[in-house]
Amino acid sequence: MSPVIPPLDQDDFPQLKNQIYLDNAGCVPVPKQIITGHTNDLLTNHYSNPHSQPLLNLKINHIRRKILSYLNTNDLDYSVIFTSNATAALKLLADSIDWNNKQFWYLDASHTSVVGISPKVAQFTNTPVETCTRCISESEISGLVREYKFQDKPVVFAYPAQCNFSGVKFSPSWINDFHTYGSGNAEVLIDIAAYSSTSAFDLSKYPADYAVLSFYKIFGFPTGLGALIVKNSCAKILKKNYTGGGTVSAISVAPLYISNRTNIHEKFEDGTLPFQQIIALEYGFTYIESRFGDWKNLSNHCNYLANLARSKMSSLKHDNGANLVEFYPNEWDELGPIVTFNLKSSDGSHIGYSEISKFTAIENIHLRVGRFCNPGASQFYLNLSSEDIKDMHQSHGFICGDGNDLLNGKPTGAIRISFGMANTEHDCLKWIEFLSSYFQEKNACLKTDTAHLLPSTRTLKLTQIIVYPIKSCSGYVVESWPLSETGLMYDRNFMLLDSNNHVLTQKNCILLKQIEIIDIDLSTGYITVSAPGMPSLVITSTRHGNSMDSLICLKPVTGLANDESVNQWFSEFLQQPCVLVSMESKLSFKTSSQTSFVNTSQFLLISNTSLDVLKEEIPNSSPKSHVSSGSFRANFIFDGETPFEEENWVDSTVQIGDIIFKVVDHCERCQMICTDDKGQRYREPLKTLAQKHKRKGKIIFGLHLQLLSDFSGKSIRINH
């Protein structure tokens, strides 16, 4: 346990029971004391609009001074302008500076919201962004600040106190360097949003001209409240571009006369302040003081836990000696309580960050994956050029936050854990246990490739065939079924879209599991469905209606909307507006790999023999009655000769009856296989699969198949 902090009272964070929260850089969890104190205050005292209740302004100004005290300064030197968050504070500042005779410089490891000032400066000055702004690396600053002639073109330099991607703490003395060498022609904007989650920046020692922060990153509550901290001597620099309520000393219309207030926060805080949220800050400061004594103790506590995590993570190795974790950065000096990394398999290949999200979800672990709105730092550590980013977006359709984690084996983002006031050593040790359990390969040396020992084509007899006409709804079991150019006739020919044209799946709508297929009439194309408490419904495979676009596994798809009466039936049962869409048109058979609304391939094959062994491998202490062949939504089920023999069949062929299929790949699995019909989520079978059945870091069960040639019109049957 951190030597300076008393044991955490579990009542402080009741919402974290059975949770491991490691996303404090995103938002710290709110302590119970802040909520109860704030609630009791609001229930005891009536707070009205500050414009109507002048005494409330005294309380708000007291909190302003509290904020400045936290930053080791006072209202003689600085003013607090409340905003909705740090981004809004940056936008307000960018809108209020006259950029005509100024350059905007920013550190390459800055948050997107800081980088976003650049196009605004270019727009203001009507010049190319390369002319009026400059992106600077850490190594450039020392020489640049000494050599640049600030008197020719004054500069506003922005950088973060702590990188929200890597946790690297940048030198606060840069503020003094710019002021010294700038000789009154350099202003410094310090982004303390990430830094403030565990530390207090010292504006007395490092007097930045501007600072921005968000209070939810400090206390977890309230959201929608941030601040622009402005050095009072800079007040005359900022120009008012909009006049909102409460910001004027006098105003008249026709002819228009406006005189703005001279007090800087009164001048820039347009409209009524979120006064009830501001009051909550008092209880945030009180909690930190009572629990930790001072901010230095909080910082030491969180850094202790982060260093413990780094040390233990660095010792995790696969049994062939390969490291599991790749850190960003590799050196740990001058880091805050942020640990950023990627995972690697025993063969050195990267494991996509989306893979870890599957398992943190079932283990109730909270973290962050992606690029964390920090383009420069992510590009640097992941070795991604600007051309790479353009290519990912324009050629491959990648967008921020979409889950595309690897491109040609190269990571496009990372994994971040971050420690805060609610964390203990227990959280750190459970995290290490999680990594070891799910990702540390303990039999890597025993794995051999036996594909060369397989017969050229393996003959299978199916015990079951299942058709899934509506994506993510129940299957329809048959003994014989015709093939089409996209797979089994009618398989995933329909899907449901929500009001935003997003595909409904069991991941986001568990009620889909309860929609059953009663009958499919091959002669008419009529499909009859039912659901609890609903009359049966007949839908037709005839294609009609408006065209609607969506994405399946990030791939664009188009479907045709069904009749309104059909959509109403599904909307009523699923308790949300939705539209049933069918495949846009009958496809001309150009290749053997065309698919319907499936995620990956035309067919999915699993082995009953492997499934039986998998269920035996699940510990008896874990619930497993929900684990069945239906959990894996396969089209074909067969009885194998030996368990998991099929894992070695990729790139070979299998024959069912007189039809030959190519084995395309293993089927990667996610947390969807861990839910029962009522939506209850379990750890199994994903946990056991992760521990015993992985390939290159991917959790697998089953095989993807595709037709080798045009067998449309033929039928496939069981026991044949």
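This structure is a prediction, so every number in the text was calculated from the model and none was measured. (Residues numbered from 1 in each chain as written. Predicted model: local features only at pLDDT ≥ 70, side-chain atom pairs only at ≥ 80, totals over all residues. Heavy atoms only, no water.)

Asks: Help me out: how do you make sense of the overall build of the chain in this one?
Replies: Within the chain, the regular secondary structure consists of 19 helices and 37 strands. With respect to the three principal axes, the spread of C-alpha positions in the chain is 90 × 65 × 55 Å. Across the 720 residues of the chain, 53% fall into the buried class. The contacts of the chain with a sequence gap of at least 6 include a subset with a gap of at least 24, amounting to 72%. When the accessible surface of the chain is totalled, it reaches about 31,300 Å², and 49% of it is carbon and sulfur. Side chains of the chain give 63 positive and 72 negative charges; the mean places of these two sets differ by 2 Å. (Helix = DSSP H or I, 4+ residues; strand = E, 2+ residues; numbered from the N terminus. Buried < 20%, exposed > 50% of the residue type's maximum accessible area, 1.4 Å probe, protein only. Contact = heavy atoms within 4.5 Å. Areas by Shrake-Rupley, 256 points an atom, 1.4 Å probe, with all protein chains shown as cover. Lys, Arg positive; Asp, Glu negative; His and termini not counted. Charge placed at Lys NZ, Arg CZ, Asp CG, Glu CD.)

Asks: I would appreciate a short explanation of the sheet that holds strand β5 (residues 155-160) in the present structure.
Replies: Whether parallel or antiparallel, the strands of a sheet pair through hydrogen bonds between backbone atoms. On the basis of which strands lie adjacent, the open sheet formed by seven strands has the order β2-β8-β7-β6-β5-β3-β4 and mixed pairing. Sheet topology places β2 (78-83) and β4 (133-136) at the edges, where each strand pairs with a single neighbour. Each strand axis lies, on average, 20° off the axis of its neighbour in the sheet, ignoring direction. Sheet topology places strand β6 (residues 186-191) next to strand β7 (residues 210-214); three bridges connect them, and they run parallel. Residue pairing in the sheet places I190 in a bridge with A211 of β7. Set on the sheet, helix α2 (residues 54-70) makes contact with β2, β7 and β8 (226-231); between it and β2 the angle comes to about 115°. Its contacts with the sheet put helix α5 (residues 117-125) on β3 (103-107), β4 and β6, and the angle it makes with β3 is roughly 170°. (Pairing = 2+ DSSP bridges. Axes fitted to C-alpha atoms, helices over the stretch in contact; angles between N-to-C directions.)

Asks: What should I look at first to understand the packing of helix α11 (residues 275-292) against helix α12 (residues 295-314) in this one?
Replies: Angle between the axes and distance between the axes: these two values describe a pair of packed helices. In contact at an axis separation of 8 Å, α11 and α12 are set at 70° when each is read in the N-to-C sense. Classified by the angle their axes make, α11 and α12 are roughly perpendicular. In the packing of α11 onto α12, the handedness of the crossing is left-handed. Residues F285, I288 and F292 of α11 form the contact with α12, whose own contacting residues are W295, N297, L298 and H301. (Parallel < 35°, antiparallel > 145°, perpendicular 65-115°, else oblique. Left-handed = near helix turned anticlockwise from the far one by under 90°.)

Asks: Where do I start with the environment of L225 in this structure?
Replies: Following the sequence through the fold, L225 ends up in the loop between α9 (216-219) and β8. On a C-alpha basis, the gap between L225 and F82 in space is 7.0 Å, while along the polypeptide they are 143 residues apart.

Asks: Explanation requested: the side chain of K102 in the structure shown.
Replies: Here K102 is to be found in the loop between α3 (86-96) and β3. Take K102: its relative accessible area is 12%, and that puts it in the buried class. A distance of 2.6 Å separates a polar atom in the side chain of K102 from a polar atom in the side chain of E187. Aside from chain neighbours lying at most four places away, what touches K102 is I97, C132, K153, P154, V156, E187 and I237. (Polar contact = N/O pair within 3.5 Å; in protein donor to acceptor, adjacent residues only side chain to side chain.)

Asks: Please explain the side chain of E363 as it appears in this structure.
Replies: Relative to the helices and strands, E363 is located in the loop between α13 (353-362) and β14 (365-366). Accessibility expressed as a relative area gives 13% for E363, which makes it buried. Among the polar contacts made by the side chain of E363, one reaches the side chain of R683 at a distance of 2.6 Å.

Asks: Please clarify how the pairing of strand β36 (residues 698-707) should be interpreted in this entry.
Replies: Regular strands place their side chains on alternate faces of the sheet. The element β36 is extensively covered by neighbouring structure, given that 10 of its 10 residues are classed as buried. Bridging between strand β31 (residues 603-607) and β36 involves three bridges; their strand directions are antiparallel. Residue pairing for β36: F603 is matched across the bridge by L705. Alignment of strand β35 (residues 694-695) against β36, held across two bridges, turns out to be antiparallel. In the sheet register, R695 faces β36, and the bridge partner there is K698. Hairpin connection, β35 to β36: the antiparallel pair is bridged by two residues, and K696 has positive phi, about 50°.

Asks: When you look at the sheet that holds strand β22 (residues 480-484) in this model, what are you seeing that I'm missing?
Replies: Ordered in space as β23-β22-β37, the three strands form an open sheet in which the pairing is antiparallel. Both edges of this open sheet fall to β23 (487-488) and β37 (715-717), since each of them pairs with a single strand only. Sheet topology note: the β22/β23 ladder contains two bridges and is antiparallel. Residue pairing for β23: L483 is matched across the bridge by L488.

Asks: In this structure, what is going on with the environment of K662? I would like to understand it.
Replies: Following the sequence through the fold, K662 ends up in strand β34 (residues 659-668). Judged by its relative accessible area of 32%, K662 falls in the partly exposed class. Between the C-alpha atom of K662 and that of P535, which follows or precedes it by 127 residues, the distance is 41 Å. Discounting chain neighbours no more than four positions away, the residues touching K662 are D651, S652, T653, H704, L705, Q706 and L708.

Asks: Would you explain α2 in this entry?
Replies: Since the α-helix packs 3.6 residues into each turn, any two residues three or four apart lie on the same face. For α2, built from 17 residues, the straight-helix expectation of 24 Å at 1.5 Å per residue is met to within 8% by its first-to-last C-alpha distance of 25 Å. What α2 keeps buried is the set L56, I60, I63, R64, I67, L68 and Y70. Summarising the axial view, the buried residues of α2 lie within an arc of 155°, below the 170-degree limit, and thus occupy one face. Every exposed residue of α2 that faces more than 90 degrees away from the buried side is listed here: P54, L55, L58 and S69. In the segment just after α2, N72 is the residue with positive phi, at about 55°. (Expected span 1.5 Å × (residues − 1). Arc of directions from axis to C-beta.)

Asks: Sorry, what's going on with a nonpolar patch on the surface here?
Replies: Taken together, I251, V253, L256 and I258 make up a surface patch of nonpolar side chains, about 410 Å² in accessible area. With respect to the helices and strands, I251 occurs in strand β9 (residues 248-252). (Patch = residues over 30% accessible without salt bridge, like charges linked within 9 Å, V, L, I, M, F, W, Y side chains within 5 Å. Salt bridge = Lys/Arg side-chain N within 4 Å of Asp/Glu carboxyl O.)

Asks: Looking at this model, I keep getting lost on the packing of aromatic side chains. Mind explaining?
Replies: The description of an aromatic ring pair rests on the distance of the ring centres and on the angle between the ring planes. Within this structure, the stated rule accounts for 38 aromatic pairs. Centroid distance F380 to Y381: 5.0 Å. Interplanar angle 80°. Geometry classified as edge-to-face. Three or more aromatic residues link up through ring pairs in this structure, and these residues are W105, Y148, F150, F157, Y159, F170, W174 and F178. The lysine or arginine in question, R134, covers the ring of W105, its NZ or CZ lying 5.7 Å from the ring centre. The ring of F372 has R416 lying over it, and the distance from NZ or CZ to the ring centre is 4.8 Å. (Phe/Tyr/Trp six-rings, centres within 6.5 Å; stacked < 30°, edge-to-face > 60°. Lys NZ or Arg CZ within 6 Å of the ring centre and 35° of its normal.)

Asks: Help me out: how do you make sense of the confidence of the model for the chain in this one?
Replies: Any residue range with low pLDDT should be treated as having predicted coordinates unsuitable for detailed reading. Per-residue pLDDT for the chain averages 89, and the proportion of residues at 70 or more is 93%. This stretch, residues 586-593, has a pLDDT under 50; its non-local contacts, to residues over four places away or in other chains, come to 18 contacts. (pLDDT = per-residue confidence, 0-100.)

Asks: For this particular structure, what's the right way to read the pattern of salt bridges?
Replies: Note that side chains of opposite charge can pair when their charged atoms are close. Enumeration according to the criterion identifies 22 salt bridges in this entry. The residue R458 makes a salt bridge to E641 at a minimum N-O spacing of 3.5 Å. A residue pair is termed long-range when its members are at least 10 positions apart, and R458 in strand β19 (residues 457-460) and E641 in the loop between β32 (636-638) and β33 (653-656) qualify at 183 residues. Accessibility expressed as a relative area gives 18% for R458, which makes it buried. Residue E641 is classed as exposed on the basis of its relative accessible area, which comes to 68%. The salt bridge partner of E645 is R458, with a shortest N-O separation of 2.7 Å. Of this pair, E645 sits in the loop between β32 and β33 while R458 sits in strand β19; the two residues are 187 residues apart in sequence, bridging distant segments of the chain. Accessibility assignment for this pair places E645 and R458 in one class, buried.

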